[in-house]
Amino acid sequence: MDRHASKPYSTPFIHQTVKTALITTVALALLLPGGLAAADSSHTTVSVPMVTEAQGQAAVAPDPSKAKITEDQAVAKLRELFPVLKDATVSNVRFGGDGSLPASGNQMMWNISWSYEIGNSGYGFSSQVDAITGDLINTYLPFPFLKEDAYYPPKLTRDEALGQAQKFIAKAAPSLGTGDIQLQDNESMNGAGSSLFGAVQYNFSFKLLKNGLPTASDRLWVTVDGNGNVTQFNKPSPGLTYPSAKPAVSMESAQKKYTDSFALGLYYIPVYKDGIVERWVLGWRPQEQSLYSIDAQTGKRTDNEGTEVSSLPVTYEAVPQTKDRFQAISTGKGLTAAEAAKLVQQVMSIPAGRKLNDQMQGNVYPNTKQKVWRLSWRENSSALMAGFTPTSYAEVDAVTGQIYQFQLEQFTGNTNVKPQPAPAGGKKLSQAEAKQQAITLVNRLYDQASSVLKLEEHGGTWGVLPDGKGFRFQFVRYYKNTPLSDSGITLVMDMYGRLESYSAMSRNDLATIKEQPAPAISQNEALKSYKDRYVLKLQYSRIGGMYTNNVYVEPQVKLVYSPLPVNEQDQYSVLDASTGKWVQVNTYYGQNIAASAAVDLKGHPAEKALTELVKYGVLIPDADGKINPDQEITVGDWFNFIAKASNPNYSGYSNATEPKAVAGVSPDNEYYSAVSFAVNYGWISKEAVLQPGNKLSREQLAVLLASFLRYNKISSFLVNDTAVTSLSDNAAIKEKGAVALVVKLGLLQGDNGKFNPQKNVTKADIATVLMKLVELQGRVDMGIGQNIRQN
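In this text, all values refer to a predicted model and were calculated from it rather than measured experimentally.

Criteria and thresholds
- Residues numbered from 1 in each chain as written.
- Predicted model: local features only at pLDDT ≥ 70, side-chain atom pairs only at ≥ 80, totals over all residues.
- Heavy atoms only, no water.
- Helix = DSSP H or I, 4+ residues; strand = E, 2+ residues; numbered from the N terminus.
- Buried < 20%, exposed > 50% of the residue type's maximum accessible area, 1.4 Å probe, protein only.
- Contact = heavy atoms within 4.5 Å.
- Areas by Shrake-Rupley, 256 points an atom, 1.4 Å probe, with all protein chains shown as cover.
- Polar contact = N/O pair within 3.5 Å; in protein donor to acceptor, adjacent residues only side chain to side chain.
- Phe/Tyr/Trp six-rings, centres within 6.5 Å; stacked < 30°, edge-to-face > 60°.
- Lys NZ or Arg CZ within 6 Å of the ring centre and 35° of its normal.
- Salt bridge = Lys/Arg side-chain N within 4 Å of Asp/Glu carboxyl O.
- Core = buried A, V, L, I, M, F, W, Y, C linked by side-chain atoms within 4.5 Å.
- pLDDT = per-residue confidence, 0-100.
- Axes fitted to C-alpha atoms, helices over the stretch in contact; angles between N-to-C directions.
- Left-handed = near helix turned anticlockwise from the far one by under 90°.
- Nonpolar A, V, L, I, M, F, W, Y, C, P; charged D, E, K, R; others polar.
- Expected span 1.5 Å × (residues − 1).
- Parallel < 35°, antiparallel > 145°, perpendicular 65-115°, else oblique.
- Arc of directions from axis to C-beta.
- Pairing = 2+ DSSP bridges.

(A) Up close: the overall build of the chain. Along the backbone of the chain there are 18 helices and 31 strands. Burial status across the chain gives 54% buried among its 791 residues. Of all intrachain contacts in the chain linking residues separated by at least 6 positions in sequence, the fraction that spans at least 24 positions is 69%. In the form shown here, the chain has an accessible surface area of approximately 35,100 Å², with 50% of it arising from carbon and sulfur atoms.

Here it is as structure tokens:
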């Protein structure tokens, strides 16, 4: 079963997508936290209220008279596909693209906005319909609109829901034949983002086939709830031309090129747990060039921008120390917004006419102790603009003054931006001069740059932007002469050496690195282990359609041979160089984990319940694949489990404000995020004093369950109920009302007439309780795990 997806954690920083040489599906999984690794690597879009061409330029709106599907037909189609829309009102209809930036190649679509009311609450959403084919492109029905519960057990099995999804696709997208879609049989892809508690939903992902071949970035998504209602549909509509499926280069030739050049690198690799680095492993992983596609027409390797990759190997050069280098502020007082802005303006050229008008101090995810200033410089124009106001953006450490982010243009592709004039007396730099400028800048911006960074050299003209518009550089971070696989520093400058974008997002805590001896697994041994994990496949790959290093890359589709994991879930694993074992390095939020990942559940009395908790990421196997179901848990573990079961993204909710102790738990405690989440949702009082590291007893669990269900007052009426007085160890039970409540609800049971109140609770016990809570949904007055957030 799959669950109702929660809204993911989001950041206020809308930034340009910087496509570096490291970005492939696999490399993303190894380099970035969960929310990013899980995302499609095509491009980042932001909604803008204007019609644009693919190049991001203002354009004349497409002509509705050329549409083969009228506005009325599009609305009627949606009402037919979604009968619940009879209660909704069409609030607006617009003809043209979806308003994203960069724009979709398909501008011939109807954008229909819906509104409806439930009680005193108003809701709204939008749908897109292709004006030429009549295909549904996108719609999402918010959960409250369905007015139906779809709790456990659902009316439909997953197989039955798949049948519903396939029938819906046939009606929603008539341009697709039965041979044009291919189900992705991958539990982790089909269930990402779902939670254990809440309405049941089944998520299905289909690859789209063109000329019989899959397209790497084009996937159709359908969500069906447990009652059989389709609640979400998304079909890509890039409006691009697909070349012939006949390759000029044979599979044998491509395979030889791939095999001969496949190489591994030794890195310190972060292992993420709930989006936070839990530990580092010294591991072998593929070098980025090894995973580049091979053009099926030319036989050349191409990067993610569609550019032919230099035959020269990537090298890493030391960063010389310069006279002018970063010095941390040491006053201990912290910076004001004005002081932080001054530091930015000393290094970056803010365009004339832009004034500092947004300044907000906040915490950095996932390090909630780190404070940054988020600063925006905007043009103060009274003219009505169709797009975003031209804005420069920066993030500055509020204590040290180190600059982590700078974007000359926060909204890349904004048509309101005027090119900067050449600086007075400035001259265009050569590639060699730009390299020296980059080294000077990174010394000024990055703490101990010469000691911990190396310049990644790709050879040739990789560092020169198209049409000579500027230069790009990438620096890799090192720890004791071993590179860190957590991305690095990207720096883009214009032809005069002025900084246009700078990103030093890698702020993972290196204190958790435990220096390891020379690897026990040699490179050759590692290569043998990796040999059968990838397979070369012929497919279409869509490139471009996004801004890379401040330059727009035209979208196009190429026929390529791509190295892909045999098992898609292997893309999140690397080989531990010390143990020779595969390590799952990035279990992203809501990822459904295959039950086979846990090796010690088979035959256990609570196997079924434990398996569901593993599937939904509430329980995560350790490095040896073990859950240890009979291990006793702590009070803090309980809060972790119910928080994960309620919202896979729970840890992101405590980062917006200054963290303070809650329920007696300090911000540096490992259970702080879960306890803070529980307090916010009213599952415990903020005045409570918890001992999260203490073992959890059955009686304590009864009390916490009563509080979680918000039945504390009801339980006070049950102190003399026979459910508790009939127990032979009744005298040993202090919290009689809570125990009576959970027994009557079937959450906890007696054993041979005893409740055993002081017996410690195991993971298996909790799995059984949580699944009983899942079954209890819809049968109690309060929504389980969905309680109202407290102010």
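After presenting the structure, the write-up continues.
(B) Expanded view of the side chain of Gln370. Position of Gln370 relative to the elements: it lies in the loop between β16 (354–363) and β17 (371–379). For Gln370, a relative accessible area of 12% translates into the label buried. Looking at Gln370, its side chain comes within polar contact range of the side chain of Asp397, at 3.1 Å. A polar side-chain atom of Gln370 sits 2.7 Å from a polar atom in the side chain of Tyr404.

(C) Main features of unusual backbone geometry. Look at Asn481: it is not a glycine, yet its phi comes out positive at around 70 degrees. Mapping Asn481 onto the fold places it in the loop between β21 (470–479) and β22 (482–483). Residue Asn481 is classed as exposed on the basis of its relative accessible area, which comes to 61%. Despite not being glycine, Arg710 shows a phi value in the positive range, around 60 degrees. In this fold, Arg710 is placed in the loop between α14 (698–708) and α15 (712–716).

(D) Looking closely at the packing of aromatic side chains. Per the stated rule, a full pass over the model turns up 19 aromatic pairs. Cluster of aromatic residues (ring-pair linked, three or more members): Phe197, Trp638, Tyr650, Phe677, Tyr681, Trp683 and Phe708. Directly above the aromatic system of Tyr478 lies the positively charged group of Lys454, at a separation of 4.5 Å from the ring centroid. Between Arg698 and the ring centre of Phe755, over which it is positioned, the NZ or CZ distance is 4.4 Å.

(E) Representation of the pattern of salt bridges in the model. Enumeration over the complete set of coordinates arrives at 16 salt bridges. We note a salt bridge from Glu457 to Lys435, for which the minimum N-O separation is 2.9 Å. Residue Glu457 is found in strand β20 (residues 453–457), and its partner Lys435 is found in helix α8 (residues 431–445); the two are separated by 22 residues along the sequence. Look at the salt bridges and you will find they share partners, linking Glu317, Lys435 and Glu457 into a network.

(F) Focus on the nonpolar core. Ranked by internal contacts, the top residues of the largest apolar core, which has 72 residues, are Trp638, Phe639, Leu770 and Leu773. When residues of this core are traced back to their parent elements, those giving at least two are α11 (607–615), α12 (635–646), α13 (672–680), α14, α16 (722–725), α17 (736–744) and α18 (763–776). Examining the composition of this core, we find that 9 residues originate from one element, α18, more than from any other. When near neighbours in sequence (up to four residues on either side) are disregarded, Leu770 contacts Leu196, Phe197, Leu613, Val618, Trp638, Phe641 and Ile642.

(G) Here's a closer look at the environment of Gly228. One can find Gly228 in the loop between β9 (213–225) and β10 (230–234). On the basis of relative accessibility, which here comes to 13%, the residue Gly228 falls in the buried class. With 73 residues separating them along the chain, Gly228 and Lys155 place their C-alpha atoms 7.7 Å apart. Excluding residues within four positions of it along the chain, Gly228 makes contact with Leu156 and Gln164.

(H) Representation of the confidence of the model for the chain. Predicted confidence across the chain gives a mean pLDDT of 84, with 84% of residues reaching 70 or more. Low pLDDT (under 50) marks residues 188–193, which in the prediction has 26 contacts with non-local residues, meaning those over four places away or in another chain.

(I) Spatial organisation of the packing of α12 against α13. Direction vectors running N to C along α12 and α13 enclose 65 degrees, while the axes themselves pass 8 Å from each other. Of the two elements, α12 crosses α13, and the hand of that crossing is left-handed. Contacts between α12 and α13 pair Phe639, Asn640 and Ala643 from the former with Ala674, Val675, Phe677 and Ala678 from the latter. In terms of residue class, the contact of α12 with α13 is made up of 6 nonpolar, 1 polar and no charged.

(J) Representation of the environment of Ile784. Mapping Ile784 onto the fold places it in the segment after α18. When its relative accessible area of 4% is taken as the criterion, Ile784 is described as buried. Sequence separation of Ile784 and Leu773 is 11 residues, and the distance between their C-alpha atoms is 7.3 Å. Non-local contacts of Ile784, meaning those with residues more than four positions away in its chain, are made with Phe197, Phe708, Leu709, Leu773, Leu776 and Gln777.

(K) Seen up close, α18. Taking 1.5 Å as the rise per residue, α18 with 14 residues should run 20 Å; its terminal C-alpha atoms sit 20 Å apart, in good agreement. Among the 14 residues that make up α18, 10 are buried, leaving the element largely enclosed by the rest of the structure. Turning to α18, its buried residues are Lys763, Ala764, Ile766, Ala767, Val769, Leu770, Met771, Leu773, Val774 and Leu776. Along its buried surface, α18 packs onto α11, α12 and α14. Positive phi shows up at Gly778, right after α18, with a value of about 85 degrees.

(L) Main features of the side chain of Gln184. With respect to the helices and strands, Gln184 occurs in the loop between β7 (181–183) and α5 (187–190). With relative accessibility at 2%, the residue Gln184 sits in the buried group. Polar side-chain contacts of Gln184 include one of 2.5 Å to the side chain of Ser205. A distance of 2.8 Å separates a polar atom in the side chain of Gln184 from a polar atom in the side chain of Arg219.

(M) Broad picture of the packing of α14 against α18. Look at α14 against α18: their axes get within 13 Å of each other, and the N-to-C directions meet at 25 degrees. As the angle between them shows, α14 and α18 are arranged roughly parallel. Note that α14 runs across α18; the crossing there is right-handed. Residue-level inspection shows Leu701, Leu705 and Phe708 of α14 in contact with α18, the latter providing Ile766, Val769 and Leu773. Residue composition of the contact of α14 with α18, grouped by class: 6 nonpolar, no polar and no charged.

(N) Summary view of helix α3 (residues 71–81). For α3, the set of buried residues is Ala74, Val75, Lys77, Leu78 and Leu81. End-on, the buried residues of α3 take up no more than an arc of 155 degrees, which puts them together on one face. Turned more than 90 degrees away from the buried face of α3, the exposed residues are Asp72 and Glu80.

(O) Here's a closer look at the pairing of strand β5 (residues 121–130). Note: strand β4 (residues 109–118) against β5, 10 bridges, orientation antiparallel. The residue bridging Asn111 from the neighbouring strand is Gln128, located in β5. Counted along the chain from β4 to the antiparallel partner β5, the turn is 2 residues long, and its residue Gly119 has a positive phi close to 65 degrees. The pairing of β5 with strand β6 (residues 136–140) spans 2 bridges and is antiparallel. When the bridges of β6 are listed, Gln128 appears paired with Asn138. Taken together, β5 and the strand that follows it, β6, pair antiparallel across an intervening segment of 5 residues, in which Gly134 is found at a positive phi of about 80 degrees.

(P) Seen up close, the environment of Thr223. Here Thr223 lies in strand β9. Taking the C-alpha atoms as reference, Thr223 lies 9.3 Å from Asn234; in sequence the two are 11 residues apart. If sequence neighbours within four positions are ignored, Thr223 has contacts with Gln201, Tyr202, Asn203, Asn229, Val230, Thr231 and Gln232. At 2.9 Å, the side chain of Thr223 forms a polar contact with the side chain of Asn203.

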